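Chain and residue survey
What follows is each chain in one-letter form.
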Amino acid sequence: MNIYYSIKRDSWENSLLRLSSSYIIYGVTGNGQSTDYDLISERNISSLVYNRPKPATPLKTFFLPVRENVTADTVKEVPRIIIGTPNCDIEALGILDEIYLDESFEDVFYRRRRESTIIISSDCLEIQEHCHCTAYNINPFSTGKADLAVILRHDDIILRAISEKGIELAEKSFNAVRSDDRTLASFVESRHHETVEILNRTGKGLPDYRTTGRLVKAAGESVWKRYSSKCVSCGACTTICPTCTCFLLIDKPGFHKVKQMDACQYPGFERVAGGEDSLGKLPSRFRNRYMCKYVWKPAKFHSTACTGCGRCIEACIGKINKNELFRELAK
Amino acid sequence: MPPFNNIYKPFRAKLTKVIEESPLIKTFVLRPDEEFAFKTGQFIELSVDGIGEAPFTPSSSPLVRDMLEVTVMKTGYMTGYMHDMKPGEYMGIRGPFGRGYPVERFFDKEVLILGGGCGFAPIRSLLYNLIAISDKLRKVTLCYGSKTPEDCIYKPYIAELRKTPKFEVLRSVDKADSNWNERVGVVTVLLDDVKVDISNSVAVVCGPPVMMKFGTLKLLEMGYPEHDIYLSMEKNMSCGLGKCGHCMMGEYFVCKDGPVFTYAEIKNQPNIWN
Ligand SMILES: Cc1cc2nc3c(=O)[nH]c(=O)nc-3n(C[C@H](O)[C@H](O)[C@H](O)COP(=O)(O)OP(=O)(O)OC[C@H]3O[C@@H](n4cnc5c(N)ncnc54)[C@H](O)[C@@H]3O)c2cc1C
Ligand code: SF4
Ligand code: SF4
Ligand code: FES
């Protein structure tokens, strides 16, 4: 579903400020290349940015804090609105939901945070060097998983309602005017199309997403050895990844447990009693991340474990570029 | 609002007795604050307050609901603390987790069990279960190996088992002393002595990784089909819930999809023997 609304930028901002009495509002702000989520108030509402590629922080941190006590008997449920999330991060919620809302063991902290958060996506009309969502069959604009998406055009905010909830938001919370002629729709569609074209061009040489798993599986030891030779096992690639959510429970007195983000790229992740560690050697540890994302998780879950956001490439201090690796495998 | 059901929060269990099984192995008898039911082969996450948490398979009968026993080898940090604990102290329990032994599939069959070291812990729980349903089984043969006679655990239990109809016990040690009159050698040598109708049998293997590997290879060589060999896999674990990722073995979460697998299910996964 795509229903279009339009609203003046200042009345959109006023509506948001009005909503901030009952919601905590986070939005993407920033300048130049770097953007990130910020707490939004009157002070900075005009610095919200729209239609820019992904912010520095992946969306997952709103639902899975880096570190938290998980033996508490409550979770602070503050209704939140998050504005400006790009579609790659929205798509990443698919696998998070499968893992954390799994009915046999539902994570109540995740569930409550997820339910008390409204996400307003932003369609990407610009890209960054390493963005490659379309290579993983993901659009740079939200389709199924979001309710509402925003596009800035001159001084107007165009709202695209994707679900019933999105319609309600647009009409009730923002009093936006529904546009039933095709003008807004064709403007937005042509911008979507342009972005996809750019992504397809920059993503040239990347393998078809249906073959990545096969290529990773078939890659020889020498590939992993060569690419991992610059890896320092810092875990930046997994920490920054919107779909990586591995963690460790740490015991505290009073039978409390602190759940802390962990990474298969840290030595010892799979060490068992007696010292055996199947990921003890760097190349096998490095390969594990690829096998997990492109072979094992796709076999186990219905959602993607890589959205092509490109953050892992930007974050790597060893300057390891997974797209270079994939281009080599695809040759 | 639905109840706040917290999967990370342990409930308490009082340590009522500590039994010394061997220099490195102790059995801890626990009385949980809540009634506790598990299927044989499932495991629990057991916490030492403020120190750490680790996975253990109960070694007691799954038919007993108010008490629980775990048999623990001292191998490192958490188990080191545990071995110093005294009756009266409290521990934390989460679970039970995972998929245990599908005992219904053993009906009308001979069960061959191969165990080594601390792998005997889950096997004892299985044996309790099998004794309770022995009228539905043809025969149960336990082959159990340890390093030395001193490392043989559950001595009184073995003596009892030897008197139980339909149950047979074969033991081996890597290194014998002058009193040892059973087999000497790695546990797989016992398989040479076993008389079993393979076409009507299932095998269960539990023990240290090397033993599991060579045990499985030998069973395959003997003619056991891959789907009739049940393995209890050991991986690093943290959550037990299929979330933290530590126990991943290829596309399986060992904690949730296992820890009991047939060899057929896992033979193509990486690092199964570590
Ligand atoms: C399903 C299952 C059932 C099991 N059943 C039994 C059983 O019945 N009996 C038995 O004796 N054993 C059993 N084990 C093995 C048992 O869980 C290990 O022996 C135990 O985890 C060892 O813990 P440790 O802290 O003493 O050992 P260590 O060698 O100190 O640590 C073992 C693990 O803890 C991690 N670790 C150590 N220190 C830290 C730290 N400071 N911070 C974070 N991580 C750390 C290591 O990475 C390693 O993964 C079972 C294992 C599994 C998976
Ligand atoms: S693996 Fe890299 S490109 Fe893929 S989702 Fe994670 S951070 Fe983004
Ligand atoms: S970010 Fe780069 S250096 Fe750090 S663990 Fe990942 S691949 Fe290795
Ligand atoms: S132990 Fe956490 S996923 Fe299995």
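Each value, and the rule that gives it
- Residues numbered from 1 in each chain as written.
- Chains lettered and ligands numbered in written order.
- Predicted model: local features only at pLDDT ≥ 70, side-chain atom pairs only at ≥ 80, totals over all residues.
- Heavy atoms only, no water.
- Contact = heavy atoms within 4.5 Å.
- Buried area = accessible area lost by both parts, 1.4 Å probe.
- Salt bridge = Lys/Arg side-chain N within 4 Å of Asp/Glu carboxyl O.
- Polar contact = N/O pair within 3.5 Å; in protein donor to acceptor, adjacent residues only side chain to side chain.
- Helix = DSSP H or I, 4+ residues; strand = E, 2+ residues; numbered from the N terminus.
- Nonpolar A, V, L, I, M, F, W, Y, C, P; charged D, E, K, R; others polar.
- Pairing = 2+ DSSP bridges.
- Axes fitted to C-alpha atoms, helices over the stretch in contact; angles between N-to-C directions.
- Buried < 20%, exposed > 50% of the residue type's maximum accessible area, 1.4 Å probe, protein only.
- Lys, Arg positive; Asp, Glu negative; His and termini not counted.
- Phe/Tyr/Trp six-rings, centres within 6.5 Å; stacked < 30°, edge-to-face > 60°.
- Lys NZ or Arg CZ within 6 Å of the ring centre and 35° of its normal.

**Focus on the interface of chain B and chain A**
Contacts between the two partners involve 45 residues from chain B and, on the opposite side, 44 residues from chain A. Contact between chain B and chain A buries roughly 3700 Å² in total, counting both sides, with carbon and sulfur atoms accounting for 60%. Per-residue buried area on chain B facing chain A is highest for Phe4(B), Tyr8(B) and Lys243(B); these three make up 21% of the total on that side. For the pair chain B and chain A, the interface holds four salt bridges. Asp257(B) serves as the salt-bridge partner of Lys300(A), at 2.7 Å between the closest nitrogen and oxygen. If you look at where chain B meets chain A, you find 20 residue pairs in polar contact (both at pLDDT 80 or more). Elements represented by at least two residues in the side of chain B that touches chain A include exactly strand S3 (43-48), strand S4 (52-56), strand S6 (90-97) and helix H5 (254-257) of chain B. Looking at the side of chain B that touches chain A element by element, the count peaks at five residues for S6(B). Considered class by class, the residues forming the side of chain B that touches chain A number 18 nonpolar, 17 polar and ten charged.

**Section: the sheet that holds strand S3 (residues 34-39) of chain A**
Residues and elements named next belong to chain A. Here we have eight strands laid out as an open sheet, ordered S3-S2-S5-S6-S7-S8-S1-S9, and mixed in their pairing. The open sheet has two edge strands, S3 and strand S9 (177-179), and neither has a second partner. Averaged over all neighbouring strand pairs, the angle between strand axes comes to 30°, with direction disregarded. Here strand S5 (residues 80-85) pairs with strand S6 (residues 117-122) via five bridges, running parallel. Across the sheet, isoleucine 82 pairs through a bridge with isoleucine 119, a residue of S6.

**A word on the side chain of Asp228(B)**
Along the chain, Asp228(B) turns up in the loop between helix H4 (209-222) and strand S12 (229-232). Of the side chains with opposite charge, Lys109(B) comes closest to the buried, unpaired Asp228(B), at an N-O distance of 4.7 Å.

**Examining the packing of aromatic side chains**
Within a pair of aromatic rings, the relevant descriptors are the distance that separates the centres and the angle that separates the planes. Considering all chains together, one arrives at 27 aromatic pairs over all chains under this definition. Ring geometry for Phe301(A) versus Phe253(B): centroids 6.4 Å apart, planes at 55°, classification tilted. Of this pair, Phe301(A) sits in the loop between helix H9 (282-300) and helix H10 (311-315) while Phe253(B) sits in strand S14 (residues 252-253), placing the two residues on different chains. Residue Phe253(B) is classed as buried on the basis of its relative accessible area, which comes to 3%. Members of the aromatic cluster, connected to one another through ring pairs, are Tyr136(A), Trp224(A), Phe286(A), Tyr290(A), Tyr294(A) and Phe326(A). The ring of Phe187(A) carries the charged tip of Arg153(A) above its face, separated from the ring centre by 4.1 Å. The ring of Phe247(A) is capped by Lys259(A), whose NZ or CZ atom sits 4.8 Å from the centre of that ring.

**Considering the pattern of salt bridges**
Counted by the stated rule, this structure contains 33 salt bridges over all chains. Note that Arg178(A) and Asp180(A) form a salt bridge whose closest N and O atoms lie 3.2 Å from each other. Judged by its relative accessible area of 64%, Asp180(A) is exposed. We note a salt bridge from Glu265(B) to Arg99(B), for which the minimum N-O separation is 3.0 Å. Within this pair, whereas Glu265(B) is found in helix H6 (residues 263-266), its partner Arg99(B) is found in the loop between S6 and strand S7 (110-116), the two being separated by 166 residues in sequence. Classification of Glu265(B) by relative accessible area gives partly exposed; the value is 30%. Among the charged side chains, a salt-bridge network with shared partners connects Asp251(A), Lys257(A), Glu53(B) and Arg94(B).

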